Amino acid sequence: AELKRQARPKGCLVVSENVKLQVIESEYYTYPDVILSCDPEDLNADYILRRPAVLIEVLSKSTEVTDRTFKWERYQQLPSLMHYLLVSQDRHSVDMFTRANHPFWTYSHYSKLDEAIELTHVGHTLRMADIYANIEMAPEGETNADGNGQ
């Protein structure tokens, strides 16, 4: 919600799930958890976005390896992509890759609720406290009914 609030005045679009991202034309499409795009063509697109500035994936036990490897290898090919965030759902942990000079990326890790994540290329800030505001974490070692941490 905070990202949408910051993006709107800058003419950017933030969508979550159910929107297809074209990563490699006619070859590879995916549905990231959150997409931020400021590209005019994406702002007028109906269903498929092509020029994201920020991609966010929420990690689960079943998707973490794919999000960190297979998808990340392909997302790096998107010239418009400036930030890729991997958000843990079972602990306060966000990994961010920020485009430096093509083809190089910098890595940052955030684990404290009082930290701010600067999305420098798009002029937005995400606070860890906002990301995890409505997520109740299971105490260390506890699991929920399906055997996973919350």
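This one's a predicted model, so the numbers in the text were calculated from it and none came from an experiment. (Residues numbered from 1 in each chain as written. Predicted model: local features only at pLDDT ≥ 70, side-chain atom pairs only at ≥ 80, totals over all residues. Heavy atoms only, no water.)

Trainee: Where do I start with the nonpolar core in this structure?
Mentor: Within soluble globular proteins, side chains that are nonpolar generally end up buried alongside one another. Counting 20 residues, the largest nonpolar core has Leu36, Leu85, Ile117 and Leu119 as its most contacted members. Every element with two or more residues in this core is listed here: helix H1 (2-7), strand E4 (34-37), strand E6 (54-59), strand E7 (83-88), strand E8 (94-99) and strand E10 (116-119). When near neighbours in sequence (up to four residues on either side) are disregarded, Leu119 contacts Leu3, Val54, His83, Leu85, Met96, His124 and Leu126. Ranked by size, the runner-up nonpolar core spans 17 residues in total, among them Tyr75, Leu81, Leu86 and Trp105. (Core = buried A, V, L, I, M, F, W, Y, C linked by side-chain atoms within 4.5 Å. Buried < 20%, exposed > 50% of the residue type's maximum accessible area, 1.4 Å probe, protein only. Helix = DSSP H or I, 4+ residues; strand = E, 2+ residues; numbered from the N terminus. Contact = heavy atoms within 4.5 Å.)

Trainee: How should I be thinking about helix H3 (residues 64-75) in this particular structure?
Mentor: Structurally, the α-helix is built with 3.6 residues per turn, so residues lying three or four positions apart point the same way. The set of residues buried in H3 consists of Asp67, Lys71, Trp72, Arg74 and Tyr75. For H3, the angular spread of the buried residues around the axis is 150°, confining them to a single face. At its buried positions, H3 is contacted by strand E2 (20-24), strand E3 (28-30), E6, E7, E8 and strand E9 (105-110). (Arc of directions from axis to C-beta.)

Trainee: In this structure, what is going on with the pattern of salt bridges? I would like to understand it.
Mentor: Side chains carrying opposite charge are able to pair once their charged atoms draw close together. Applying the stated criterion to the full structure yields ten salt bridges. We note a salt bridge from Asp67 to Lys71, for which the minimum N-O separation is 3.2 Å. Of this pair, Asp67 and Lys71 are both found in helix H3, four residues apart, which corresponds to roughly one turn of the helix. Note on Lys71: relative accessible area 12%, which makes it buried. (Salt bridge = Lys/Arg side-chain N within 4 Å of Asp/Glu carboxyl O.)

Trainee: Looking at this structure, I do not really get the sheet that holds E3. What am I missing?
Mentor: What the three strands build is an open sheet, ordered E3-E2-E5; its pairing is mixed. Either end of the sheet is taken by a strand with one partner, and the two such strands are E3 and strand E5 (48-49). The sheet contact formed by E2 and E5 spans two bridges and is parallel. Pairing of Leu21 across the sheet is with Leu49, part of E5. Its contacts with the sheet put H3 on E2 and E3, and the angle it makes with E3 is roughly 115°. (Pairing = 2+ DSSP bridges. Axes fitted to C-alpha atoms, helices over the stretch in contact; angles between N-to-C directions.)

Trainee: I tried to follow the sheet that holds E4 on my own but got confused; where do I start?
Mentor: Across a sheet, strands are paired by hydrogen bonds formed along the backbone, either parallel or antiparallel in direction. As summarised here, the arrangement of the six strands in space is E1-E4-E6-E7-E8-E9, forming an open sheet in which the pairing is mixed. Strand pairing shows two members of the sheet lacking a second neighbour, strand E1 (13-16) and E9, which therefore form its edges. For this sheet, the mean inter-axis angle between neighbouring strands, taken without regard to orientation, is 15°. Note: E4 against E6, three bridges, orientation antiparallel. Across the sheet, residue Val34 finds its bridge partner in E6, namely Ile56. Lying on the sheet, H3 is in contact with E6, E7, E8 and E9; it crosses E6 at an angle near 160°.

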